[in-house]
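One-letter residues, chain by chain:
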Amino acid sequence: MNLQELQIIKEKALQNHVPIIMDDTLEVVDKILKQLKPKRILEIGTAVGYSAMCFSDYLQENGIIDTIERDVERIKEAKENIVKVGVEEKINILEGDAVEILPTLNEKYDMVFIDAAKGKYPFFLKEALRMLNNNGIILADNILYKGYVMSDYNKHKQRTAVRNLREYIAEVTNNPNLETEILEVGDGLAITKMIM
Ligand code: SAH
Ligand code: MG
């Protein structure tokens, strides 16, 4: 993997306000992946491929990341980036709306990284649980959404997102088969494991 290219891609994404994974969040995910040694990862929200490329370093031999993106421009850029960094064998971009693509998938995944439309998090969770391996982990980025989720913030524009993020937290917290930790890194990260 070409780390120099990865760094250039990261800086360009930050300049262009592409909401890539934040450094402190990535640090936490790195630690999880080091332990997990995943064979298959599912990512919802590729953007320009930055997080997927970072995660790809921790895959087992012949492991793969399926990552979903609906924005045509970003898909094009992600494909170019993945080639530049030299990880095209490890990352498979699924093009289209995750709401339509997820129900068509039938793989099992060791980790699911949810990082797309906040209003769809409860649906993404349902699909992630359906495809999660026994020792698998579900991560939800931006779960605290600038602090709105834990405050009484109710402005119109973000209201649906906030309601759905709260619903996600309620579901992972109340489900007796799941164990969840919410970290205040980046924009908030929910880490959910299955209890055997
Ligand atoms: N994981 C990336 C950042 C993803 S940003 C990283 O850390 O590098 C969120 C992305 O999700 C955006 O590019 C947006 O176009 C995409 N997205 C949002 N809703 C989506 C949906 N319903 N289906 C597919 N992609 C979606
Ligand atoms: Mg994010």
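Since this is a predicted model, take the numbers as computed values, not measurements.

Re the overall build of the protein chain
So, point 1. Helices and strands together make up the secondary structure of the protein chain, namely seven helices and seven strands.
So, point 2. Relative to the compact-globule value of 16 Å for 196 residues, the protein chain shows a C-alpha radius of gyration of 16 Å, a close match.
So, point 3. Over its C-alpha atoms, taken along the principal directions, the protein chain stretches across nearly 45 × 40 × 30 Å.
So, point 4. Split into buried and exposed, the 196 residues of the protein chain put 48% on the buried side.
So, point 5. Nonlocal contacts in the protein chain, meaning residues at least 24 apart in sequence, comprise 67% of its contacts between residues at least 6 apart.
So, point 6. Summing over all exposed atoms, the protein chain offers an accessible surface of approximately 10,400 Å²; the carbon and sulfur share of this is 47%.

Overview of helix H4 (residues 72–85)
It helps to recall that an α-helix has 3.6 residues per turn; residues three or four apart then point in one direction.
So, point 1. Taking 1.5 Å of rise per residue, the 14 residues of H4 would be expected to cover 20 Å, and the 20 Å separating its terminal C-alpha atoms lies within 8% of that figure.
So, point 2. Looking at the buried side of H4, the elements it contacts are helix H1 (3–15), helix H3 (50–56), strand E2 (64–69) and strand E3 (91–95).
So, point 3. Near the N-terminus of H4, the side chain that reaches the backbone nitrogen of Glu73, with its oxygen 3.1 Å away, is that of Asp71.

Some words on the coordination of the magnesium ion (ligand 2)
So, point 1. Here the magnesium ion (ligand 2) is held by the protein donor atoms Asp115 (OD), Asp141 (OD) and Asn142 (OD1), which lie 2.1 to 2.2 Å from it.
So, point 2. The sequence pattern formed by the donor residues of the magnesium ion (ligand 2) is D-x25-D-N. With Asp115 in the loop between strand E4 (109–114) and helix H6 (121–131) and Asn142 in the loop between strand E5 (132–141) and helix H7 (159–174), the pair connects residues that are 27 residues apart, well separated along the chain. By the burial criterion, Asp115 is buried, and Asn142 matches it.

Side note on the site of ligand 1
So, point 1. The immediate surroundings of ligand 1 are formed by 19 residues, with Ile21, Gly45, Glu69, Ala98 and Asp115 found nearest.
So, point 2. Measuring from a nitrogen atom of ligand 1, one finds a side-chain N or O atom of Ser51 at 2.9 Å.
So, point 3. Between ligand 1 and Ala98, the relevant distance is 2.8 Å, taken from a nitrogen atom to a main-chain nitrogen or oxygen of the residue.
So, point 4. Alone, ligand 1 offers 580 Å² of accessible surface; in the complex the protein occludes 93% of this.
So, point 5. When grouped by side-chain class, the residues that make up the shell around ligand 1 number eight nonpolar, four polar and seven charged.

Some details on the packing of H1 against H4
So, point 1. The N-to-C vectors of H1 and H4 enclose an angle of 155°; their axes lie 9 Å apart at closest approach. Compared by their axis directions, H1 and H4 come out roughly antiparallel. Residues Glu5, Leu6, Ile9 and Lys12 of H1 lie in contact with H4, whose contacting residues are Glu77, Asn81, Lys84 and Val85.
So, point 2. When grouped by side-chain class, the residues that make up the contact of H1 with H4 number three nonpolar, one polar and four charged.

Details of the packing of H6 against H7
So, point 1. Their axes nearest at 8 Å, the elements H6 and H7 cross at an angle of 35°. Here Tyr121, Pro122 and Leu125 of H6 come into contact with H7, specifically with Asn164, Leu165, Glu167, Tyr168, Glu171 and Val172.
So, point 2. Within the contact of H6 with H7, the residues separate by chemical class into six nonpolar, one polar and two charged.

Comments concerning the nonpolar core
So, point 1. Core analysis: the biggest nonpolar cluster contains 36 residues, and Val29, Met53, Phe55, Ile91, Met111, Leu139 and Leu189 have the highest contact counts within it.
So, point 2. Beyond its immediate sequence surroundings of up to four residues, Met53 is in contact with Met1, Leu6, Ile9, Val48, Asn81, Ile82, Val85, Val87 and Ile91.

Procedures and definitions
Sequence order sets the numbering: in each chain, residues are counted from 1 along the sequence as written. Starting at A for chains and at 1 for ligands, labels are handed out in the order in which the entities are written. Predicted model: local features are reported for residues with pLDDT of at least 70 only, side-chain atom pairs are reported and counted for 80 or more only, and whole-chain, interface and lining totals are derived from all residues. Working from all heavy atoms in the structure, the side-chain values ignore hydrogens and water. The secondary structure listing takes helices from DSSP runs of H or I that are at least 4 residues long and strands from runs of E that are at least 2 residues long, numbered from the N terminus. In this treatment the radius of gyration is a C-alpha quantity, and the globule benchmark scales as 2.2 Å times the residue count to the 0.38 power. Any residue under 20% of the maximum accessible area for its type is buried, any over 50% is exposed, and the rest in between are partly exposed; the area is computed with a 1.4 Å probe on protein chains only. Residue contacts are counted whenever heavy atoms from the two residues lie within 4.5 Å of one another. Methods summary: accessible areas were calculated by the Shrake-Rupley approach with a probe of 1.4 Å, and residue burial reflects only the protein chains presented. The span expected for a helix works out to 1.5 Å for each residue beyond the first. Side-chain atoms alone can form a polar contact between residues adjacent in sequence; in general such a contact is a pair of N or O atoms within 3.5 Å, and within protein one must be able to donate a hydrogen while the other accepts it. Only nitrogen, oxygen and sulfur atoms qualify as donors, and only when within 2.8 Å of the metal (3.2 Å in the case of Na, K and Ca); with water excluded, sites may look incomplete. One heavy atom within 4 Å of a molecule or strand is enough for the residue carrying it to be called near that molecule or strand. Classification used: nonpolar for Ala, Val, Leu, Ile, Met, Phe, Trp, Tyr, Cys and Pro, charged for Asp, Glu, Lys and Arg, polar for all others including Gly. For helices, the axis comes from a line fit to the C-alpha atoms of the stretch in contact; other axes are also lines fit to C-alpha atoms, and the angle between any two N-to-C directions lies between 0 and 180 degrees. Roughly parallel here means an angle under 35 degrees, roughly antiparallel means over 145, roughly perpendicular means 65 to 115, and every remaining angle is called oblique. Think of a nonpolar core as a cluster: buried Ala, Val, Leu, Ile, Met, Phe, Trp, Tyr and Cys residues, connected wherever their side-chain atoms sit within 4.5 Å.

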